[in-house]
Amino acid sequence: MDPIHQFEIKNLFPIARIGGFEFAFTNSALFMLIALLLIVLLMLGATGSRALVPGRLQSVAEMSYEFVATTLRSSAGTEGMKFFPLVFSLFMFILALNVIGIIPYTFTVTSHIIITVWLALLVFLTVVIYGFWRNGLRFFKLFVPSGVPIYILPLVTFIEVLSFLSRPVSHSVRLFANMLAGHITLKVFGGFVTMLGAFGLLGWLGAILPLGLTVALTALELLVAFLQAYVFAILTCIYLNDAIHPGH
């Protein structure tokens, strides 16, 4: 089977038609809704009892909270905690989508760049809007590093502006490319197992190696699912720090 077929967006049912455009509920929207519901159920179920000795769900919720809070404080300082709801939501949402996408016959939402671009633009616009709201024109200090000789300052400023504007691209492509490549690799090795299995006993013997690699890659993809959510979150924290402390 074509390994790209798993990333196809399918319309499940139409919602509305405006002019020549049809708005439909897609498999991508379905799995985003599933991820959102799982996160809500986890957090509500884990914090409902608030036991002194936490159970499994409460332990997971508390560890997730502390992990994101520690990451945010270490990257953006105590002032950055005002953005905790944003960073925590992004981390949990991306992690849930990544993990769900590993399950066979599901859909990997984060393998579509349109999704990762909008998530990255949400962070980028938050940084820009808050940066100017908090610092005014002093936000431009972000593009003028201190201690730079005046004769190379225009070049350094140009590089800093270009680097800042390219953040949404690198922020989104990193997540999209890793999830896309990993799932294509899994699909290819899984296809080898099915193809060799069609040749009978000898085929199944030959399928042992690709089957083992498929299992190992699945475990690796679980690690990548967490790491990519973490990388997206920590980059968000670093960018928010620039809005809070421009030029530092």
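Residues numbered from 1 in each chain as written. Predicted model: local features only at pLDDT ≥ 70, side-chain atom pairs only at ≥ 80, totals over all residues. Heavy atoms only, no water.

Student: Is there a simple way to think about the overall build of the protein in this case?
Tutor: What the protein contains, in helices and strands, is eight helices and two strands. In the protein, which comprises 248 residues, the share counted as buried stands at 37%. Across the protein, contacts joining residues at least 24 apart in sequence account for 68% of those joining residues at least 6 apart. Total accessible area on the protein stands at roughly 14,400 Å², and carbon and sulfur atoms take up 75% of it. (Helix = DSSP H or I, 4+ residues; strand = E, 2+ residues; numbered from the N terminus. Buried < 20%, exposed > 50% of the residue type's maximum accessible area, 1.4 Å probe, protein only. Contact = heavy atoms within 4.5 Å. Areas by Shrake-Rupley, 256 points an atom, 1.4 Å probe, with all protein chains shown as cover.)

Student: Looking at this structure, I do not really get the environment of Val 188. What am I missing?
Tutor: Examined against the element boundaries, Val 188 turns out to sit in helix H6 (residues 167–197). Each C-alpha atom of the pair Val 188 and Ile 4 lies 10.0 Å from the other, and the pair is 184 residues apart in sequence.

Student: For this particular structure, what's the right way to read the side chain of Arg 167?
Tutor: Inspection of the secondary structure puts Arg 167 in helix H6. Leave out the neighbours within four places in its chain, and Arg 167 touches Tyr 239 and Asp 242.

Student: Would you mind showing me how to read the pattern of salt bridges here?
Tutor: A side chain of one charge can pair with a side chain of the opposite charge when the charged atoms of the two come close. Overall, the coordinates contain two salt bridges when judged by the stated rule. Glu 79 is the partner of Arg 134 in a salt bridge, and the nearest nitrogen-oxygen pair spans 2.7 Å. Of this pair, Arg 134 sits in helix H4 (residues 113–135) while Glu 79 sits in the loop between helix H2 (56–76) and helix H3 (84–102), and the two are 55 residues apart along the sequence. By relative accessible area, Arg 134 is classed as partly exposed at 31%. We classify Glu 79 as partly exposed; its relative accessible area is 35%. A salt bridge links Asp 242 to Arg 167; its shortest N-O distance comes to 2.6 Å. In this pair, Asp 242 is assigned in helix H8 (residues 208–244) and Arg 167 in helix H6, connecting sequence segments 75 residues apart. (Salt bridge = Lys/Arg side-chain N within 4 Å of Asp/Glu carboxyl O.)

Student: What exactly am I supposed to notice about the packing of aromatic side chains here?
Tutor: In this description, a pair of aromatic rings is defined by centroid distance and the angle of the planes. Under the counting rule described, the total for this entry stands at 18 aromatic pairs. With 5.3 Å between their ring centres and 80 degrees between their planes, Phe 143 and Phe 164 make a pair best called edge-to-face. Of this pair, Phe 143 sits in the loop between H4 and helix H5 (153–165) while Phe 164 sits in helix H5; the two residues are 21 residues apart in sequence, bridging distant segments of the chain. Accessibility expressed as a relative area gives 6% for Phe 164, which makes it buried. Taken together, the ring pairs in this structure connect Phe 124, Phe 132, Phe 139, Phe 140, Phe 143 and Phe 164 into an aromatic cluster. (Phe/Tyr/Trp six-rings, centres within 6.5 Å; stacked < 30°, edge-to-face > 60°.)

Student: Honestly, the nonpolar core in this entry has me stumped. Any pointers?
Tutor: Grouped burial of nonpolar side chains is what soluble globular proteins tend to show. Counting residues in hydrophobic clusters, the biggest one holds 49 residues, and the most contacted among them are Val 87, Phe 91, Val 127, Phe 164 and Phe 232. Contributing elements (two or more residues each) for this core: helix H1 (27–47), H2, H3, H4, H6 and H8. In terms of residue count, H3 provides more of this core than any other element does, 13 residues in total. Every residue in contact with Phe 164, bar those within four places of it in the chain, is listed here: Phe 124, Val 127, Val 128, Phe 139, Leu 142 and Phe 143. (Core = buried A, V, L, I, M, F, W, Y, C linked by side-chain atoms within 4.5 Å.)

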